[in-house]
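# Coordinate analysis (summary)
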Amino acid sequence: RKASSKDPRGRYATAGAMAGDLRRFLGDQPIEARRALAWERAWRWCRRNPAVATASMVAAVTLVVGLAVSLWQWKRADANFKNAQASAAAATASAALAESHALQADHDYERALDAIDQMLTRVGVEELYSVPHMDKTRRALLEDALRFYEQLLANPRSGLQARAAVARAHFRLGMVNSHLGDRDRS
């Protein structure tokens, strides 16, 4: 375009200037006719310096791939960490729930023990003791209490409250045996 420009000032000044530009073009060097675009300059530089261009390209690709792998590993590690945190939180919540259930079970156990105490022992020992003609009923209630306490002692529970219940059961067992007239077992 420069050689055939309509404006004489836009053309090459001499044939030698045009020949020099042609030699630079064929040698992949920048020409004077017009400023080359950035990608053209980069392409021509790569063609002039293939070893350096190849080494640079390999280094750039390695850097990009390494960065991508590092980011992928970081995301995986972050997801694993978050999963571990969620699992730990779930385990903590499960442990708290299990502790709550254990406390409720101990409370219910104590209430059931108190109810059996009242029904069998107190009624069988205290309230029916002086009522005439209730000896058979009283004895049946005391024997029921005796079986209950023996079962309780056969399946001991762990924990401080359970040990207190076992101690109380031993005491009640002795009392029931005493009221049934079995002094050796009491």
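On a predicted model such as this, the values are computed, not experimentally measured, just so you know.

Turning to the overall build of the chain, a few remarks are in order. Along the backbone of the chain there are 5 helices and 0 strands. Reading the secondary structure of the chain in the N-to-C direction produces α-α-α-α-α. Scaling as 2.2 N^0.38, a compact globule of 186 residues should have a C-alpha radius of gyration of about 16 Å, whereas the chain reaches 50 Å, well beyond that. Along the longest, intermediate and shortest principal axes, the C-alpha atoms of the chain span 145 × 35 × 20 Å. Looking at the chain as a whole, 18% of its 186 residues qualify as buried. Put simply, 44% of the contacts in the chain that link residues at least 6 apart link residues at least 24 apart. With an accessible surface of roughly 13800 Å², the chain has 61% of that area assigned to carbon and sulfur atoms. A distance of 26 Å separates the average location of the 28 positive side-chain charges in the chain from that of its 20 negative side-chain charges.

For the coordinates displayed, the defined rule picks out 4 salt bridges. Residues Asp7 and Arg9 are paired through a salt bridge, measuring 3.6 Å at the closest nitrogen-oxygen approach. On the basis of relative accessible area, Arg9 is assigned to the exposed category, the value being 75%. In this structure, Arg24 engages Asp21 in a salt bridge whose closest nitrogen and oxygen atoms are separated by 3.2 Å. With Arg24 and Asp21 both in helix H1 (residues 15–26), this residue pair falls 3 residues apart, about one helical turn.

Here we take up a nonpolar patch on the surface. Residues Met57, Val61, Val65, Val69 and Trp72 make up a contiguous nonpolar surface patch of about 480 Å² in total accessible area. As for its position among the elements, Val69 is in helix H3 (residues 50–127).

We now examine the environment of Gly16. Structurally, the position occupied by Gly16 is in helix H1. Sequence separation between Gly16 and Phe171 is 155 residues; the distance between their C-alpha atoms is 125 Å.

Further remarks concern the layout of surface pockets. A volume near 300 Å³ is recorded for the largest pocket. As for the largest pocket, its lining consists of Arg1, Lys2, Ala3, Tyr12, Met18, Asp21, Leu22, Phe25, Ile31, Ala33, Arg34 and Arg44. Taken together, the residues that form the lining of the largest pocket break down as 7 nonpolar, no polar and 5 charged.

Moving on, we get to the side chain of Asp21. Judged by relative accessible area, Asp21 falls into the buried class, the value being 3%. For Asp21, the contacting residues outside a window of four places in its chain are Tyr12, Ile31, Glu32 and Ala33.

Next up on the list: the confidence of the model for the chain. Caution applies to low-pLDDT regions: their predicted coordinates should not be interpreted in detail. Per-residue confidence for the chain gives a mean pLDDT of 81; residues scoring 70 or more make up 91%. When mean pLDDT is compared element by element in the chain, H1 scores highest at 89, while helix H5 (residues 160–179) scores lowest at 74.

Residue position: Glu40 is located in helix H2 (residues 38–48). Reaching out from Glu40, the side chain makes a polar contact with the backbone nitrogen of Leu37 at a distance of 2.9 Å.

Relative to the helices and strands, Ala96 resides in helix H3. A C-alpha to C-alpha distance of 40 Å links Ala96 and Leu142, two positions 46 residues apart in sequence.

Now for the environment of Met57. In this structure, Met57 sits in helix H3. You can call Met57 exposed: its relative accessible area is 52%. Along the primary structure Met57 and Leu146 are separated by 89 residues, whereas in three dimensions their C-alpha atoms are 91 Å apart.

Conventions adopted
- Residue positions within a chain follow its written sequence, with the count starting from 1.
- Whole-chain, interface and lining totals are the exception, using all residues; otherwise, since this is a predicted model, local features are given only for residues with pLDDT of at least 70 and side-chain atom pairs are given and counted only at 80 or more.
- The basis for every side-chain value is the complete set of heavy atoms in the structure, and neither hydrogens nor water enter the calculation.
- Starting at the N terminus, helices and strands are each numbered in turn, a helix being any DSSP run of H or I of at least four residues and a strand any DSSP run of E of at least two.
- Atoms counted for the radius of gyration: C-alpha only. Globule rule: 2.2 Å times residue count to the power 0.38.
- Classification of residues uses two cut-offs on accessible area relative to the type maximum, computed with a 1.4 Å probe and protein chains only: under 20% is buried, over 50% is exposed, and between them is partly exposed.
- Note on contacts: a residue pair is in contact if any heavy atoms of the two residues lie within 4.5 Å.
- Note on areas: Shrake-Rupley, 1.4 Å probe, and residue coverage restricted to the protein chains presented here.
- His residues and chain termini do not enter the charge count, which takes Lys and Arg as positive and Asp and Glu as negative.
- By convention, the point assigned to a charge is CZ for Arg, NZ for Lys, CD for Glu and CG for Asp.
- Definition used for salt bridges: Asp or Glu carboxyl oxygen within 4 Å of a side-chain nitrogen of Lys or Arg.
- Nonpolar side chains (Val, Leu, Ile, Met, Phe, Trp, Tyr) within 5 Å and like charges within 9 Å form the patches, drawn only from residues with over 30% relative accessible area and no salt bridge.
- Only protein atoms enter the 1 Å grid used here, on which a cavity is any set of points holding a 1.4 Å probe that cannot leave and a pocket is any open set flanked by protein within 12 Å on both sides along at least five of seven lines; residues with an atom within 4 Å of a point are listed as lining.
- Grid points are joined across faces, edges and corners, and a volume is the space filled by probe spheres set on the points.
- Residue type decides the class: Asp, Glu, Lys and Arg count as charged, Ala, Val, Leu, Ile, Met, Phe, Trp, Tyr, Cys and Pro as nonpolar, and the leftover types, Gly among them, as polar.
- What pLDDT reports is the predictor's confidence in each residue, on a scale of 0 through 100.
- For the purposes of these results, a polar contact is taken to be a pair of N or O atoms within 3.5 Å, where, inside protein, one atom must be able to donate a hydrogen and its partner to accept one; residues adjacent in sequence count only when each atom of the pair is a side-chain atom.

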